[in-house]
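A look at the structure
Listed below are the residues making up each chain.
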Amino acid sequence: MSITIGTPKTTTNNLLFYLDANNPKCYTSGSSFCDNIIDNSTEKTNTLTNGTSFNGSSFVFDGNNDYINLDLSNLPTISNTYPYSIEILFKSDDISNNDRLFSKVNSISSNDVLSIGIVSGGLPKLKIYDGNSEITTTNTILANNVWYHHIITFNTSGTTTTSYLNGEFELSTTVYATAPIAFSDMGLGASYNLQFGGFWDGEISIFKIYNKELSQSEVTQNYNAIKSRM
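So, how was this worked out
- Residues numbered from 1 in each chain as written.
- Predicted model: local features only at pLDDT ≥ 70, side-chain atom pairs only at ≥ 80, totals over all residues.
- Heavy atoms only, no water.
- Buried < 20%, exposed > 50% of the residue type's maximum accessible area, 1.4 Å probe, protein only.
- Helix = DSSP H or I, 4+ residues; strand = E, 2+ residues; numbered from the N terminus.
- Pairing = 2+ DSSP bridges.
- Arc of directions from axis to C-beta.
- Contact = heavy atoms within 4.5 Å.
- Core = buried A, V, L, I, M, F, W, Y, C linked by side-chain atoms within 4.5 Å.
- Salt bridge = Lys/Arg side-chain N within 4 Å of Asp/Glu carboxyl O.
- Polar contact = N/O pair within 3.5 Å; in protein donor to acceptor, adjacent residues only side chain to side chain.

Regarding the pairing of strand β7 (residues 59–62)
The alternating pattern of β7 places F59 and F61 on a buried face, while none of V60 and D62, on the opposite face, is buried. Pairing between strand β6 (residues 53–54) and β7: two bridges, direction antiparallel. Its bridge partner being in β7, F54 is matched across the sheet by F59. Between β6 and β7, which follow one another and run antiparallel, lie four residues, and G56 among them has a positive phi close to 110°. Judged from the four bridges that link them, β7 and strand β18 (residues 201–210) form a sheet pairing that is antiparallel. In the strand pairing of β18, V60 is matched with E203.

Here's what the structure looks like:
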């Protein structure tokens, strides 16, 4: 199945959660929350926190304390089940910072954490932090003020990730500690449980969660659906 967000279409097979700041079903200007587009039964309130703003097509984060607190309480159960995929459309105003696009935590004390952000102290690449290791997910050096479409998939055992940037395959990586997927305590634009900094300095326009491993053709389809916005 697919739905039209402009032309062409984005796939919605196994799509659980879908924020798109460019879609009025997701966000109305002046509001303090945004809704899951794909949910046809129960509204989910995702709160724009500490002044996170909206510029007409994306959510804007100031790098100081802005984030979006995601309400995933009514999602179909996905805890302890693989595969899944995460998709983000973003740009950074300061790629040199150790900022997080997305993070979730089950238990900080046991390092049960999944975070996607920018590598600090080196090349500005996206990374996954799975609690025991930092795993680079792109070979591409990122730049300030450039839009990127990034998809990361987890296979059926949750031990291998495959990443794509702007519709193209980047790399496959072994996850040394099984990344947590009980989608709670989760946010956009901040680190871990939203109290450890790592606040995003830039914009996020789209965020999706699928409970499937997207194929290359589906990745290409989703990129083609939004590339005119980049």
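Points about helix α1 (residues 216–226)
Inspection of α1 places E218, V219, N222, Y223, A225 and I226 among the buried residues, and these make up the whole buried set. Projected onto a plane normal to the axis of α1, the buried residues spread over an arc of 155° and lie on a single side. Contacts made by the buried residues of α1 are with β2 (9–11), β9 (84–92), β14 (148–154), β15 (160–165) and β18.

Details of the nonpolar core
The biggest cluster of nonpolar side chains holds 52 residues, and the ones touching the most others in it are F59, L70, F102, L188 and F207. For F102, the contacting residues outside a window of four places in its chain are I86, I88, L114, S115, I116, M186, G187, L188, G189, A190 and F207.

Some points on the pattern of salt bridges
Overall, the coordinates contain five salt bridges when judged by the stated rule. Between E203 and K91 there is a salt bridge, with the nearest N and O atoms lying 3.4 Å from each other. In this pair, E203 is assigned in strand β18 and K91 in strand β9, connecting sequence segments 112 residues apart. You can call K91 buried: its relative accessible area is 11%. Where E218 meets K212, a salt bridge forms, and the shortest distance between an N and an O atom there is 2.6 Å. Each member of the pair E218 and K212 is classed as buried. The structure contains a network of salt bridges with shared partners spanning K91, D93 and E203.

A short note on unusual backbone geometry
Here N14, not a glycine, exhibits a phi torsion of approximately 60°, which is positive. Relative to the helices and strands, N14 is located in the loop between β2 and β3 (15–20). Residue class for N14 comes out partly exposed when judged on its relative accessible area of 38%. Despite not being glycine, N50 shows a phi value in the positive range, around 60°.

Structural notes on the environment of T173
Mapped onto the fold, T173 is located in strand β16 (residues 168–174). Put simply, T173 and F154 are 19 residues apart on the chain and 9.7 Å apart in space, counted from C-alpha to C-alpha. Excluding its chain neighbours within four sequence positions, the residues that come into contact with T173 are I135, T136, T159, T160 and T161.

Points about the environment of N50
Mapped onto the fold, N50 is located in the loop between β5 (46–49) and β6. Remark: the alpha-carbon pair of N50 and Y67, spanning 17 residues in sequence, is separated by 7.0 Å. Once residues lying within four places of it in the same chain are set aside, the contact partners of N50 are N65, D66 and Y67. A polar side-chain atom of N50 sits 3.0 Å from the main-chain carbonyl oxygen of N65.

As for the pairing of strand β8 (residues 67–70)
Regular strands have side chains that alternate between both faces of the sheet. Pairing analysis gives three bridges linking β5 to β8, with the strands arranged antiparallel. Bridge assignment links T47 to a residue of β8, and that residue is N69.

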